[in-house]
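# Results of the structural survey
As a plain string of letters, each chain reads:
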Amino acid sequence: MQHSAYIKAPLYGLALGLLVSAFTACGGSEGKTGSLDSWKDSAKGSTVTGEEVSVLAGDTLLAKGDYTNFTLSGQAYTEPGATSALLFHTQAGKGGYELLFHNGAIDGSTKTGSLSHVRNLYRSLATDTAWFDFEMAVRGKNISVSINGVDVVCYTEPAAPYRSSEHADQLLSKGAFALVGKTGKTAFKNLHVTALPADATNPNDTLPAIDEQNDAIIRLQQQDFPVIDWHVHLKGGLTKEQAHGLSMNYGINYGVAPNAGEGGVGRMLANDQEVYDYHNEVKNHPFLFGVQGEGRRWITQFSPEALGIFDYLFTDGMTIVDKGRISRIYRAEEVYYDGRSKEQYMDLIVDQTVKILTNEPADIYANPTYIPEDMQADYDKYWTDERINKVLDVMEQNHIALEINPRYKIPSFKIIQMAKDRGLKFTFGTNNVDANFGKLEYAIEAIQTCGLTPADLWFPTMSVRRERQAVDYNHFGKK
């Protein structure tokens, strides 16, 4: 299993320490590796043997054994549309945890490697119709999962886990393994399990367990509500390894995005070759891969083919063109009133936002409705219904999703509700400054206040940006 140096407690000044719990002896001989090559079909009562076994929808195959701490490795093969699960610490297929196998496009369904309802994942590192490796382990209260050698789950069950009534028996204890078919056909082979001692620990599990009694994320996970922060930048000290570790610890899927263009902060890409180099650098991390169109020249700097390798693309209206000048309105020194009133300047912001969303083929309107700092105290005054609707109109016409941004706490709940009433889709995105950027608190508040459901969320399968034509409306290509 490939372990990145991802969870270093000094990131937040957290004290290092392993959570070690005593368990009863494992069912197999400690340290001895055996094959899982004999399964009982719970419905037919027959026994299935061999190094390769398949499950179809409705099948439940049970293995003998009683394991507490263990490592299990093998290979899986999913046919298109197939979904299956490997249960562990289960009693006759009841209770315990579920490791999910389901590949395919990023469409909001949980993907391969998910610890179902506890650490749901939304991008798979495996593909259908090809054998892929997986490994999982239970050591004390820690559960780890890797797919094709990359860690995707590192979950420590706390002393007081939160579980909904539907998943009340989803707890560590001891038990057997089971294979469950949900849809289509999944094959498994070379399944090997090694019993570990009662004091086994995961040396990479260095962050404290989450206090789930006071954690909103686990409540969303238990509801299978997709928890994704689509707007994470590797900047301010945040490395891809740290982002990897924090994502697994918090239970929040991260969409990591560089800036493509000019004038932004953090990792900047300037041309197609830099796009391809970046993608090769991060492609084996379990992130969703986005890119931010930064500045207003980006549509002339990159080919559609290069930007097309990203799962999604977002841009914002925080950089505008004002009388031919590039103006980053999040910097006070670049907000040029030039004798205009703030109402007039607000009209300029709205006009520029409409042009951006009309001519620049983005999936997501990020940092939405941001206005200069000296206008923010009167946000509701400046964002009138007329101005809101001008922006929502163009978003609706171009199938653009609305980001709910926890850093700036925008857009307002009123605007979120207006967008929801139109049937617009949403993403959650922080736009972090550094490595300490919270856990989507404002987005969670929006879910509760505006009654958002998974059906209100956007996913890359809904994207139409590749069908849209980028328009050099500022004529940068001629300058």
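What you see is a predicted model; the values in this text were computed from it and never measured.

Let us now look at the packing of aromatic side chains. Two descriptors summarise a pair of aromatic rings, namely the distance from one centre to the other and the angle between the planes of the rings. The full count for this structure, using the stated rule, is 20 aromatic pairs. Where Phe 101 meets Phe 132, the ring centres are 6.3 Å apart and the plane angle is 35 degrees; that geometry is what we call tilted. Linking Phe 101 in strand S8 (residues 97-101) with Phe 132 in strand S9 (residues 132-139), this pair joins segments that are 31 residues apart in sequence. Looking at Phe 101, the relative accessible area reads 0%, which means it is buried. Ring plane angle 65 degrees and centroid distance 5.7 Å describe the contact between Trp 230 and Trp 458, whose orientation is recorded as edge-to-face. Note that Trp 230 is positioned in strand S14 (residues 228-232) and Trp 458 in the segment after helix H10 (441-450), a separation of 228 residues in sequence. Joined through ring pairs, the aromatic side chains of Tyr 67, Phe 70, Phe 88, Tyr 97, Tyr 155 and Phe 177 make up one cluster. The lysine or arginine in question, Lys 189, covers the ring of Trp 131, its NZ or CZ lying 4.3 Å from the ring centre. Over the ring of Tyr 162 we find Arg 219; its NZ or CZ atom is 4.0 Å from the centre of that ring.

Next up on the list: the packing of helix H9 (residues 413-422) against H10. Where H9 meets H10, the axes come as close as 10 Å, and the angle between the chain directions of the two elements is 60 degrees. One element, H9, and the other, H10, form an angle in the oblique class. Between H9 and H10 lies a crossing of right-handed hand. Together, Phe 413, Ile 416, Gln 417 and Lys 420 of H9 and Tyr 442, Glu 445, Ala 446, Thr 449 and Cys 450 of H10 make up the contact between the two elements. For the contact of H9 with H10, the residue count by class is five nonpolar, two polar and two charged.

Among the secondary structure elements, Arg 328 is positioned in strand S21 (residues 325-328). In terms of polar contacts, Arg 328 uses its side chain to reach the side chain of Glu 334, at 2.6 Å.

Counting across every chain of the model gives 26 salt bridges. The shortest N-O distance in the salt bridge between Glu 157 and Lys 141 comes to 3.1 Å. Of the two residues, Glu 157 sits in the loop between strand S11 (150-156) and strand S12 (176-183) while Lys 141 sits in the loop between S9 and strand S10 (142-147), which places them 16 residues apart along the sequence. Of the charged contacts, one joins Asp 347 and Arg 387 as a salt bridge, the two residues approaching to 2.9 Å between their closest N and O atoms. Linking Asp 347 in helix H6 (residues 342-359) with Arg 387 in helix H8 (residues 385-397), this pair joins segments that are 40 residues apart in sequence. One continuous salt-bridge network, built from bridges that share partners, spans Asp 322, Lys 323, Arg 325, Asp 338 and Arg 340.

Here the amide bond leading from Ile 410 into Pro 411 is cis, since omega sits at -10 degrees, within 30 degrees of zero. Relative to the assigned elements, Pro 411 resides in the loop between strand S23 (401-404) and H9. Of note in this structure, Asn 148 is not a glycine but carries a positive phi near 50 degrees. Taking relative accessible area as the criterion, Asn 148 reaches 37% and is therefore assigned partly exposed.

Another aspect to go through is H9. Three or more residues of H9 are buried, namely Ile 415, Ile 416, Met 418 and Ala 419. Along the long axis of H9, the arc covered by the buried residues comes to 160 degrees, so they all point the same way. As for H9, its buried residues are in contact with helix H7 (379-382), H8, S23, strand S24 (426-428) and H10. The first or second residue beyond H9 is Gly 423, which carries a positive phi of 90 degrees.

Our next topic: the confidence of the model for the protein. For the protein, per-residue confidence averages 92 on the pLDDT scale, and 93% of positions sit at 70 or higher. Confidence drops under pLDDT 50 across residues 1-29; counting only partners more than four residues distant or on other chains, this segment forms 82 contacts.

Now for the nonpolar core. Judged by nonpolar contacts, the single largest core of 90 residues is most densely connected at Tyr 254, Leu 307, Tyr 345, Trp 383, Met 395 and Ile 404. If one sorts the elements of this core by residue count, H6 sits on top with seven residues. Excluding anything up to four places from it in sequence, Ile 404 contacts Ile 410, Pro 411, Ile 416, Phe 426, Thr 427, Phe 428, Gly 429, Tyr 442, Ala 443, Ala 446 and Leu 452. Core analysis: the second largest hydrophobic core is formed by 39 residues, Leu 36, Leu 86, Leu 125 and Met 136 among them.

Across its 18 residues, H6 extends 26 Å between first and last C-alpha, which sits within 8% of the 26 Å expected from 1.5 Å per residue. Burial in H6 covers these residues: Tyr 345, Met 346, Leu 348, Ile 349, Val 350, Gln 352, Thr 353, Ile 356, Leu 357 and Asn 359. Buried residues in H6 make contact with strand S19 (312-316), strand S20 (319-322), S21, strand S22 (364-366), H7 and H8.

So, on to the sheet that holds S12. Strand order in this open sheet of six strands is S3-S2-S5-S12-S7-S8, and the pairing throughout is antiparallel. One side of each edge strand has no neighbouring strand; the edge strands of this open sheet are strand S3 (47-49) and S8. Neighbour-to-neighbour, the strand axes of the sheet open up by a mean angle of 25 degrees, direction not taken into account. One ladder, built from five bridges, connects strand S7 (residues 83-90) with S8; its direction is antiparallel. Directly across from Ala 85, in S8, lies its bridge partner Leu 100.

Moving on, we come to the pairing of strand S5 (residues 60-63). Residue alternation in S5 divides its side chains into two sets, Thr 60 and Leu 62 and Leu 61 and Ala 63, and both sets are buried. In the sheet, strand S2 (residues 38-41) pairs with S5 via three bridges, with the strands oriented antiparallel. Bridging from a neighbouring strand, Trp 39 pairs with Ala 63 of S5. The sheet contact formed by S5 and S12 spans three bridges and is antiparallel. Pairing of Thr 60 across the sheet is with Val 180, part of S12.

Cut-offs used in this document
Residues numbered from 1 in each chain as written. Predicted model: local features only at pLDDT ≥ 70, side-chain atom pairs only at ≥ 80, totals over all residues. Heavy atoms only, no water. Phe/Tyr/Trp six-rings, centres within 6.5 Å; stacked < 30°, edge-to-face > 60°. Helix = DSSP H or I, 4+ residues; strand = E, 2+ residues; numbered from the N terminus. Buried < 20%, exposed > 50% of the residue type's maximum accessible area, 1.4 Å probe, protein only. Lys NZ or Arg CZ within 6 Å of the ring centre and 35° of its normal. Axes fitted to C-alpha atoms, helices over the stretch in contact; angles between N-to-C directions. Parallel < 35°, antiparallel > 145°, perpendicular 65-115°, else oblique. Left-handed = near helix turned anticlockwise from the far one by under 90°. Contact = heavy atoms within 4.5 Å. Nonpolar A, V, L, I, M, F, W, Y, C, P; charged D, E, K, R; others polar. Polar contact = N/O pair within 3.5 Å; in protein donor to acceptor, adjacent residues only side chain to side chain. Salt bridge = Lys/Arg side-chain N within 4 Å of Asp/Glu carboxyl O. Arc of directions from axis to C-beta. pLDDT = per-residue confidence, 0-100. Core = buried A, V, L, I, M, F, W, Y, C linked by side-chain atoms within 4.5 Å. Expected span 1.5 Å × (residues − 1). Pairing = 2+ DSSP bridges.

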